Amino acid sequence: MTSSALSGTTVVVIGGTSGFGLEVARKAAEQGSELVLVGRDEDKLHRVVDAMDSTAPVTGHALDASDPASAAELFERVGELDHLVSTVGGAMGGGFLSAPVEEIIRTIEGKFTASLTIARAAAPHLREGGSLTLTAGAGGTPQGASGAIIGNQAISTMVRGLAVELAPGARVNAVAPAWTPTPLWRDVPPEDLEATRRHMAESFPLRRTATIGEVADAYLFLMTAGFITGQTLYVDGGASLV
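Please read these numbers as outputs of a predicted model, since none were measured by experiment. (Residues numbered from 1 in each chain as written. Predicted model: local features only at pLDDT ≥ 70, side-chain atom pairs only at ≥ 80, totals over all residues. Heavy atoms only, no water.)

Looking at this model, I keep getting lost on the side chain of Thr209. Mind explaining?
Within the secondary structure, Thr209 sits in the loop between helix H6 (190-203) and helix H7 (212-224). The buried category is assigned to Thr209, whose relative accessible area is 11%. If sequence neighbours within four positions are ignored, Thr209 has contacts with Trp179, Pro181, Arg197, Met200, Ala201 and Phe204. (Helix = DSSP H or I, 4+ residues; strand = E, 2+ residues; numbered from the N terminus. Buried < 20%, exposed > 50% of the residue type's maximum accessible area, 1.4 Å probe, protein only. Contact = heavy atoms within 4.5 Å.)

As structure tokens, this is what we get:
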């Protein structure tokens, strides 16, 4: 293995058992990182940890890291870390009048409040030169994805503030993927998922959706790009341009 900027670092991946988080973990392991994977499903977490191909240690913690008490406990157990990646947050459809108020609020909390909780718990444990990389989102419209849009914008605003508060010792950024076929949609019938994929691909200027690996590369880039902070990197095939 050739030396890399991540070699010998400790990387915590919240949501590291599937989708973007799992691919980030795999790529970080390939570069020699010691991994701490966090997920809610204990059985799934153990399977992923056992299957991880890594020459560096890989440990797992099964808990809801968006819960303040659980997040504090997690980072006390982990101790010092170099990089944290969080992929928490969900999706929703519906406007401000059509979607239930409870769903709008729950989506905002699932994105912004959860990310804030994780950032506050992790920040005191970051080593000099470390980073936090959160997840926002791209695409959609306020009238079609009300709570998700507010949550994404709130994360981008928070990232800007945290970047100043943690400078110069650590950096804070976010990745904003557009709709991507991931295990998040595991409960959607395959034919419906494929129809959604085609529809999304037609709406993006690049006329296709991203792969999980392409999105994961954005997290790795922000983790190692030492002069970038306070930014939200859109990985959306140009969706935000139209």
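I would appreciate a short explanation of the pattern of salt bridges in the present structure.
Once their charged atoms are close, side chains differing in charge can pair, the charge on each being opposite to the other. Counting across every chain of the model gives nine salt bridges. Two residues, Arg26 and Glu23, come together in a salt bridge whose shortest N-O distance is 3.5 Å. Placement of the pair is Arg26 and Glu23 together in helix H1 (residues 19-30), with a separation of three residues, close to one helical turn. The partly exposed category is assigned to Arg26, whose relative accessible area is 42%. In this structure, the salt-bridge partner of Asp64 is Arg40, at a minimum N-O distance of 3.3 Å. Within this pair, whereas Asp64 is found in the loop between strand E3 (58-62) and helix H3 (68-78), its partner Arg40 is found in the loop between strand E2 (34-39) and helix H2 (42-51), the two being separated by 24 residues in sequence. Here Arg40 falls in the exposed class, since its relative accessible area comes to 64%. Taken together, the shared-partner salt bridges in this structure form one network comprising Glu80, Asp82 and Arg127. (Salt bridge = Lys/Arg side-chain N within 4 Å of Asp/Glu carboxyl O.)

Please clarify how the sheet that holds strand E7 (residues 232-235) should be interpreted in this entry.
Hydrogen bonding along the main chain pairs the strands of a sheet, whether they run parallel or antiparallel. The strand order across the open sheet formed by seven strands is E3-E2-E1-E4-E5-E6-E7, and the pairing between neighbours is parallel. Lying at the two open borders of the sheet, with one neighbouring strand each, are E3 and E7. Neighbour-to-neighbour, the strand axes of the sheet open up by a mean angle of 15 degrees, direction not taken into account. Packing of H3 onto the sheet brings it into contact with strand E1 (10-14), E2, E3 and strand E4 (81-86), and relative to E1 it is tilted by some 160 degrees. (Pairing = 2+ DSSP bridges. Axes fitted to C-alpha atoms, helices over the stretch in contact; angles between N-to-C directions.)

Looking at this structure, how should I read the packing of helix H4 (residues 101-122) against helix H5 (residues 146-166)?
In a pair of packed helices, the angle between the axes and the distance between the axes together describe the arrangement. With their axes 7 Å apart at the nearest point, H4 and H5 run at an angle of 20 degrees to one another. By the angle class used here, H4 and H5 are roughly parallel. The hand of the H4/H5 crossing is right-handed. The residues of H5 that touch H4, namely those facing Ile104, Thr107, Ile108, Lys111, Phe112, Ser115, Leu116 and Ala119, are Ser146, Gly147, Ala148, Ile150, Gly151, Asn152, Ala154, Ile155, Met158 and Leu162. Split into classes, the residues belonging to the contact of H4 with H5 amount to 11 nonpolar, six polar and one charged. (Parallel < 35°, antiparallel > 145°, perpendicular 65-115°, else oblique. Left-handed = near helix turned anticlockwise from the far one by under 90°. Nonpolar A, V, L, I, M, F, W, Y, C, P; charged D, E, K, R; others polar.)

Where do I start with H4 in this structure?
An α-helix turns once every 3.6 residues. As a result, residues three or four positions apart point the same way. Its 22 residues place the ends of H4 31 Å apart at the C-alpha level, agreeing with the 32 Å of an ideal helix rising 1.5 Å per residue. The sharpest bend along H4 comes to roughly 35 degrees, located at Glu109. For H4, the elements touching its buried residues are E1, H3, E4, strand E5 (126-135) and H5. (Expected span 1.5 Å × (residues − 1). Bend = angle between axes of the 7 residues up to and from the residue.)

Sorry, what's going on with unusual backbone geometry here?
Trans is the common state for peptide bonds, and a negative phi is the common state for residues other than glycine. The linkage connecting Ala167 with the following residue, Pro168, adopts the cis geometry, with an omega of 0 degrees. Secondary-structure assignment places Pro168 in the loop between H5 and strand E6 (170-177). Positioned with a positive phi, Arg207 is a non-glycine residue whose angle comes to about 60 degrees. For Arg207, the position within the fold is in the loop between H6 and H7. What makes Arg207 exposed here is its relative accessible area of 55%.

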